[in-house]
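Each chain is listed here by its residues.
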Amino acid sequence: MTSQVDQSEAVDGSDGEGRSGPVPPPGTGTRAAKPIRRLDRVIIRFAGDSGDGMQLTGDRFTSETAAFGNDLSTLPNFPAEIRAPAGTLPGVSSFQLHFADHDILTPGDAPNVLVAMNPAALKANLADLPRGAEIIVNTDEFTKRALAKVGWSADPLADGSLEAYHLHKVPLTTLTLQALKDSGLARKDAERAKNMFALGLLSWMYHRPTHGTERFLRSKFAKKPDIAEANIAAFRAGWNFGETTEDFAVSYEIAPATLPPGTYRNISGNLALSYGLIAAAKRSGLPLFLGSYPITPASDILHELSRHKNFGVRTFQAEDEIAGIGAALGAAFGGALGVTTTSGPGVALKSETIGLAVSLELPLLVVDIQRGGPSTGLPTKTEQADLLQAMFGRNGEAPVPIVAPATPAECFTAALEAARIALTYRTPVFLLSDGYLANGSEPWKIPDADELPDLTVEFTTEPNRPDGSFWPYLRDPQTLARPWAVPGTPGLEHRIGGIEKQDGTGNISYDPANHDFMVRTRQAKVDGIAVPDVVVDDPGGTARVLVLGWGSTYGPITAAVRRVRADGGEVAQAHLRNLNPFPANLGAVLAGYDKVIVPEMNLGQLALLLRAKYLVDAQSYNQVRGLPFKAAQLADVLWAAIGNLDEEGRR
Amino acid sequence: MTEDRFPSLRLVPKSDEPQSPKDFKTDQEVRWCPGCGDYAILAAVQSFMPELGIRRENTVFVSGIGCSSRFPYYMNTYGMHSIHGRAPAIATGLAASRPDLSVWVVTGDGDALSIGGNHLIHALRRNVNLKILLFNNRIYGLTKGQYSPTSELGKITKSTPMGSLDAPFNPLSLAIGAEATFVARTIDSDRQHLTSVLRAAAEHEGTALVEIYQNCNIFNDGAFEVLKEPGTRDEALIRLEHGRPIRLGAEQGVFRGPDGGLHLETVTEANQDRILVHDAGAANPATAFALTRLADADTLHHTPIGVLRDVRRPVYDTLMAEQLDRAAADRGEGDLAALLTGSDTWTVA
């Protein structure tokens, strides 16, 4: 019971051995004299049946961990089915949390601790555990029938096949029922509190504060106080069980991380994105209009924005994806900040309307929370394979700017950046998040609302021709944006549409030369969008290998880069937040390295664009498993690239 | 007072001075085929708009794709010529976010009932404050003459040389089934009737669906001739007027049958008290639905025109605005700093 830390983000090259020795426990003065070991990071995975409440358990542990001040990163992983058959492998739902006393970037490669609520949860997750990991199993669920359901003829808890791990056999259900025997609850209801028993046990093991969870349970079950009290009783019983049973000989402490000064909260990508949209509306002075159709993993944004009508936010749950974006575009014509939220299959349906928005040159945000494809694909798993769809997935020449956040918290700034581009240049803008960012969470330093970018928009209110007439396609010479004159403005009545328009007047035009000019002008407008330079992290300035990523691969790539550097390797890193247009310095950056490695959760979409635009021999490294990269895996890739270069140098 | 006459335009700014039909004409050359029924509809709408008494700049025409959907280019208001079938969705977003606008949708039988059928029925059930003008010529014109979802069964066209196989939609039955609160039918060539129906639609709060029988003289000429010809129209056309007995020509009337359906009978002294009296405001849509089934789909005999249904139901955009107002009243105007901070924070010194 010593090795709790894997090597995924060994910033200091340590072997992960915790510093041991008793330290005063936080928040409680009554802790018995069990040894306390200090660790610098831990990865815990809660796994159970879809109905076992693992996501809630993980969320609660995360909240307490955030409140305690650790840095953290989470990875919820659940099936697309709401209730797959109980006890089966497809029904397993899990929640992984990595927390540390220092800055971390990923939910971790391999769990140090697995909580398995049934045989299916154990079987589905066992392969991810390193030797020596701790496994806490609910022995009550290891019945012959349950074992047979997952194809185990012998009980792995008894046949010695788990010798490589540190196994804690806990009858979670029985203990929970005992703790609640006086609660008056029916057995079935009492049993459901077993996830809180497990949470209590883990909270004891890792010295998590407990009052937040008790407060949460009281408010969640405010209308059913007996259920609230039962859950709290189970939670406390779990804590006390850890404290008294001899099976758990040691507890662990992970000191708070030293983050930059400020006020923090924990935030998921979809929540950060929702707040970013509200902030963009506020800072632009425009009402927010969301037209959306429910789709995993984007629906949370619709839910969240629907809660904030007091910000003047209108949410429209449309009859389909097409109506969702259509309504948003209609609202944009009327002067709103129009937004539609969806995932890959929804983007496919919206393509024609995005093309219309390109032609109308109206601001519009298209938020794509990418998931595994093609078609329905893997609705609850992550992927970044919609880049080329966002880039090219329309008829005709229809360029659309693309913004992609790198972390859950960055979804906030990405929404503001997408709005800035849309409003300044009067264009639809893609915001490409993904399932991993959407559901994953991390601490977020809360920004000062008054210091967010000023996105103020001036509608056109006066004629723009010397003769007192108004031309809807008379462009700003700097941005090439056309005027945004909204209905209700006297004297500026005009008609726009998807048919090619004459430059300036906006009247229908089939003139060949005019069409050629308009196609090039729309492209030039997007190409000319001002985006920040890409920043290269190359501490020594002598690296020959550059690793370039975009989107949610930022965490694992950065963790891998740290590992390589900690072991003496030299590698430069850059991450793209703007994918159309690319930053102006990108070509020069790429040319500055002997080798460019591009890890992507697709089959090489960014690499294809880089090769086409910059004639650079960018090397793809790909994975489409519905899960983020692991830091160790990417570190190997970087080492191989460095090694190959050295070998080539010797030849 | 305008305000009383057009309650649906209560929130739309009124015009300071009288407007004329000319104010609603654009400098764009009208490009429909010579003789197209669309010209008559355009002229009628341009003539009618000043009657609304609202500011021209607060009027928006949104269309989809098809011959009829060129309409916005010829109206000197704000306008959008969008994509095939989607005009009701786009107009919904506009109307729901701008209660100060009068929003009109212009669409055709292919645009509204084929590719855009989904958006049409959902706009109707939501009861968004939209006026939908559905130009029905029972043919695809812009794509040069294929059968449409309102073409009669067995229609011979380029895509159906042996006759079309699919049964047509009855647009007004469909609309009533979709919970429409206002359903009317009129004819392109009858300016006076067309205008009266436009007026009733404009007065209606919520979604108004106006089916306009429109002649495509190139690909389906004479489709509605039986309703127009002096020699036949008296026997084919039923003019509905709220509160009046429903009669066809001099001798026939509409009666309710034992099965709940409607039929025509020769009016006699004995039965004249039982002639159905038209009640557009009936809460139960059954009679309005039965009226939509009265016409013979092939011959168009016994075709009712006028307002079939006109009832009150809460309007989507009004309800949406009320929710926003209520949220602000209950919780105060949104405070961005408070939202970003939330309730679960910690501070690093």
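Source: prediction; values computed, not measured. (Residues numbered from 1 in each chain as written. Chains lettered and ligands numbered in written order. Predicted model: local features only at pLDDT ≥ 70, side-chain atom pairs only at ≥ 80, totals over all residues. Heavy atoms only, no water.)

A. The arrangement of the overall build of chain A in detail. For chain A, the count of helices and strands is 20 helices and 24 strands. The C-alpha radius of gyration computed for chain A amounts to 27 Å, which stays within 12% of the reference 26 Å derived for 651 residues, consistent with globular compactness. Dimensions of chain A, computed from C-alpha atoms along their principal axes, come out at roughly 90 × 70 × 50 Å. Residue burial in chain A is summarised as follows: out of 651 residues, 63% are buried. Relative to all contacts within chain A whose residues are 6 or more apart in sequence, the contacts with residues 24 or more apart total 77%. Here chain A has roughly 24,000 Å² of accessible surface; of this, 52% comes from carbon and sulfur atoms. Where the 60 positive side-chain charges of chain A centre and where its 73 negative ones centre are 4 Å apart. (Helix = DSSP H or I, 4+ residues; strand = E, 2+ residues; numbered from the N terminus. Rg over C-alpha atoms; globule rule 2.2 N^0.38 Å. Buried < 20%, exposed > 50% of the residue type's maximum accessible area, 1.4 Å probe, protein only. Contact = heavy atoms within 4.5 Å. Areas by Shrake-Rupley, 256 points an atom, 1.4 Å probe, with all protein chains shown as cover. Lys, Arg positive; Asp, Glu negative; His and termini not counted. Charge placed at Lys NZ, Arg CZ, Asp CG, Glu CD.)

B. Fine view of empty space enclosed by the protein. Residue and element names in this part refer to chain A. By the definition in use, this model includes three cavities of 30 Å³ or more. Residue assignment for the lining of the largest cavity shows that the elements contributing at least two residues are strand S4 (71–77) and helix H15 (435–439). In this structure, the second largest cavity encloses a volume near 60 Å³. Listing elements by their share of the lining of the second largest cavity, those giving two or more residues are helix H12 (344–360) and helix H16 (512–527). Of the residues forming the lining of the second largest cavity, the biggest block, three residues, is contributed by H16. (1 Å grid on protein atoms, 1.4 Å probe; cavity = no way out; pocket = protein on both sides within 12 Å on 5 of 7 lines; lining within 4 Å. Points joined across faces, edges and corners; volume = space filled by probe spheres on them.)

C. Geometry of a positive patch on the surface. There is a patch of like positive charges on the surface, built from Arg83(A), Lys188(A), Arg192(A) and Lys224(A). Structurally, the position occupied by Arg192(A) is in the loop between helix H5 (187–191) and helix H6 (194–205). (Patch = residues over 30% accessible without salt bridge, like charges linked within 9 Å, V, L, I, M, F, W, Y side chains within 5 Å. Salt bridge = Lys/Arg side-chain N within 4 Å of Asp/Glu carboxyl O.)

D. Expanded view of unusual backbone geometry. Residue and element names in this part refer to chain A. In this structure, Pro 374 follows Gly 373 across a cis peptide bond, with omega equal to 0°. Of note in this structure, Ser 375 is not a glycine but carries a positive phi near 50°. Topologically, Ser 375 is positioned in the loop between strand S14 (364–370) and helix H13 (387–392). Using a relative accessible area of 63% as the deciding quantity, one classes Ser 375 as exposed.

E. Region of interest: the sheet that holds strand S8 (residues 247–248) of chain B. All names here are of chain B. On the basis of which strands lie adjacent, the open sheet formed by three strands has the order S8-S9-S10 and antiparallel pairing. Edge strands, defined here as strands with exactly one partner in the open sheet, are S8 and strand S10 (262–266). Where S8 meets strand S9 (residues 252–256), two bridges bridge the pair, whose relative direction is antiparallel. Within the sheet, the bridge partner assigned to Leu 248 lies in S9 and is Gln 252. (Pairing = 2+ DSSP bridges.)

F. Looking closely at the pairing of strand S6 (residues 208–213) of chain B. Residue and element names in this part refer to chain B. The buried fraction of S6 amounts to six of the six residues, a majority that puts the element mostly inside the structure. Burial along S6 is two-sided: Ala 208, Val 210 and Ile 212 facing one way and Leu 209, Glu 211 and Tyr 213 facing the other are all buried. Relative to S6, strand S4 (residues 130–136) runs parallel, the two being bridged by six bridges. Residue pairing across strands places Phe 135 opposite Ile 212, the latter belonging to S6. This β-α-β element, strand S5 (residues 182–187) to helix H7 (residues 191–203) to S6, shows right-handed connectivity. (Right-handed = clockwise from strand over helix to strand, strands pointing away.)

G. Just the environment of Arg420(A), in detail. Residue and element names in this part refer to chain A. Within the secondary structure, Arg 420 sits in helix H14 (residues 410–425). By relative accessible area, Arg 420 is classed as partly exposed at 23%. With 35 residues separating them along the chain, Arg 420 and Leu 455 place their C-alpha atoms 6.2 Å apart. At 2.9 Å, the side chain of Arg 420 and the side chain of Glu 417 are in polar contact. (Polar contact = N/O pair within 3.5 Å; in protein donor to acceptor, adjacent residues only side chain to side chain.)

H. View of the environment of Thr181(B). Residues and elements named next belong to chain B. Relative to the helices and strands, Thr 181 resides in the loop between helix H6 (171–177) and S5. Here the alpha-carbon distance between Thr 181 and Glu 205, two residues 24 residues apart in the chain, equals 8.7 Å. Apart from the residues within four sequence positions on either side, Thr 181 is in contact with Asn 127, His 204, Thr 207, Arg 309, Asp 310, Val 311 and Arg 313. At 2.7 Å, the side chain of Thr 181 forms a polar contact with the side chain of Asn 127. In this structure the side chain of Thr 181 is engaged in a polar contact, spanning 2.7 Å, whose partner is the side chain of His 204.

I. How the structure looks around the interface of chain B and chain A. With 58 residues of chain B in contact, the opposing surface of chain A contributes 68 residues. In total, about 5,300 Å² of surface goes out of reach between chain B and chain A, with carbon and sulfur atoms giving 61% of it. If you look at where chain B meets chain A, you find one salt bridge. Put simply, Glu319(A) and Arg126(B) hold a salt bridge, and the shortest N to O gap is 2.9 Å. In this assembly, chain B and chain A are joined by 27 residue pairs in polar contact (both at pLDDT 80 or more). Secondary-structure elements contributing two or more residues to the side of chain B that touches chain A are strand S2 (78–81), helix H3 (87–97), helix H5 (117–126), helix H11 (316–331), helix H12 (336–341) and strand S12 (345–348) of chain B. The element contributing the most residues to the side of chain B that touches chain A is H11(B), with eight residues. In terms of residue class, the side of chain B that touches chain A is built from 25 nonpolar, 22 polar and 11 charged. (Buried area = accessible area lost by both parts, 1.4 Å probe. Nonpolar A, V, L, I, M, F, W, Y, C, P; charged D, E, K, R; others polar.)

J. Broad picture of the pattern of salt bridges. Tallying each qualifying case throughout the model produces 33 salt bridges over all chains. The salt bridge involving Glu152(B) is made with Lys155(B); its shortest N-O contact spans 3.1 Å. Taking the relative accessible area as the measure of exposure, Glu152(B) reaches 23% and is therefore partly exposed. Salt bridges linked by common partners bring Glu361(A), Arg475(A) and Lys525(A) together as one network.

K. Quick look at the confidence of the model for chain B. On average, residues of chain B score 96 in pLDDT, and 99% of them are at 70 or above. As a predicted assembly, this complex carries a pTM of 0.92 together with an ipTM value of 0.97. (pLDDT = per-residue confidence, 0-100.)

L. Region of interest: the packing of helix H2 (residues 38–52) of chain B against H7(B). Residues and elements named next belong to chain B. Two numbers describe how H2 lies on H7: the axes approach to 10 Å, and their chain directions differ by 45°. Comparing their axes, H7 and H2 come out oblique. The two elements H2 and H7 cross, and the hand of that crossing is right-handed. Across the interface between the two elements, Ile 41, Ala 43, Ala 44, Val 45, Ser 47, Phe 48, Glu 51 and Leu 52 of H2 pack against Arg 191, Leu 194, Thr 195, Leu 198, Arg 199 and Ala 202 of H7. (Axes fitted to C-alpha atoms, helices over the stretch in contact; angles between N-to-C directions. Parallel < 35°, antiparallel > 145°, perpendicular 65-115°, else oblique. Left-handed = near helix turned anticlockwise from the far one by under 90°.)

M. Examining the nonpolar core more closely. With 159 residues, the main nonpolar core has Leu606(A) and Leu610(A) as its most contacted residues. Top element by residues in this core is H14(A). It accounts for 11 residues. Discounting chain neighbours no more than four positions away, the residues touching Leu606(A) are Leu387(A), Leu548(A), Trp550(A), Leu576(A), Leu579(A), Phe582(A), Val598(A) and Glu600(A). Counting 52 residues, the second largest nonpolar core, distinct from the first, contains Leu175(A), Tyr206(A), Phe248(A) and Trp346(B). (Core = buried A, V, L, I, M, F, W, Y, C linked by side-chain atoms within 4.5 Å.)

N. Seen up close, the packing of aromatic side chains. Within this structure, the stated rule accounts for 21 aromatic pairs over all chains. Seen from their ring centres, Tyr264(A) and Trp346(B) are 5.9 Å apart, and the 20° between their planes marks the pair as stacked. Within this pair, whereas Tyr264(A) is found in strand S10 (residues 262–268), its partner Trp346(B) is found in strand S12, the two belonging to separate chains. The exposure class assigned to Tyr264(A) is buried, which follows from its relative accessible area of 4%. For Trp346(B), a relative accessible area of 8% puts it in the buried group. Their ring planes at 85° and their centres at 5.0 Å tell us that Phe459(A) and Trp484(A) sit as a pair that is edge-to-face. Of this pair, Phe459(A) sits in the loop between strand S17 (441–445) and strand S18 (495–497) while Trp484(A) sits in the loop between S17 and S18; the two residues are 25 residues apart in sequence, bridging distant segments of the chain. One cation-aromatic arrangement involves Arg465(A) over Trp471(A); the distance from NZ or CZ to the ring centre is 3.8 Å. The residue whose ring lies beneath Arg577(A) is Tyr554(A), and the NZ or CZ to ring-centre distance is 5.3 Å. (Phe/Tyr/Trp six-rings, centres within 6.5 Å; stacked < 30°, edge-to-face > 60°. Lys NZ or Arg CZ within 6 Å of the ring centre and 35° of its normal.)

O. Structural view of the pairing of S12(B). Of the two faces of S12(B), the one holding Trp346(B) and Val348(B) is buried and the one holding Thr345(B) and Thr347(B) is not buried anywhere. Relative to S12(B), S10(A) runs antiparallel, the two sharing four bridges. In the strand pairing of S12(B), Gly262(A) is matched with Val348(B).

P. Focus on the side chain of Asn129(B). Residue and element names in this part refer to chain B. Summarising the element assignment, Asn 129 is placed in the loop between H5 and S4. Exposure remark for Asn 129: the relative accessible area of 15% places this residue in the buried category. Contact partners of Asn 129, with chain neighbours within four places excluded, come to Ser 8, Ala 95, Val 103, His 204, Gly 206, Val 315 and Asp 317.

Q. Up close: the packing of helix H9 (residues 269–284) of chain A against H14(A). Residues and elements named next belong to chain A. Where H9 contacts H14, the two axes come as close as 7 Å, and the packing angle between them is 40°. By the criterion of interaxial angle, the relationship of H9 to H14 is oblique. In the crossing of H9 with H14, the sense of the turn from one axis to the other is right-handed. Judged by residue contacts, Gly 269, Ala 272, Leu 273, Tyr 275, Gly 276, Leu 277, Ala 279, Ala 280 and Ser 284 of H9 engage Cys 411, Phe 412, Ala 415, Leu 416, Ala 419 and Leu 423 from H14.

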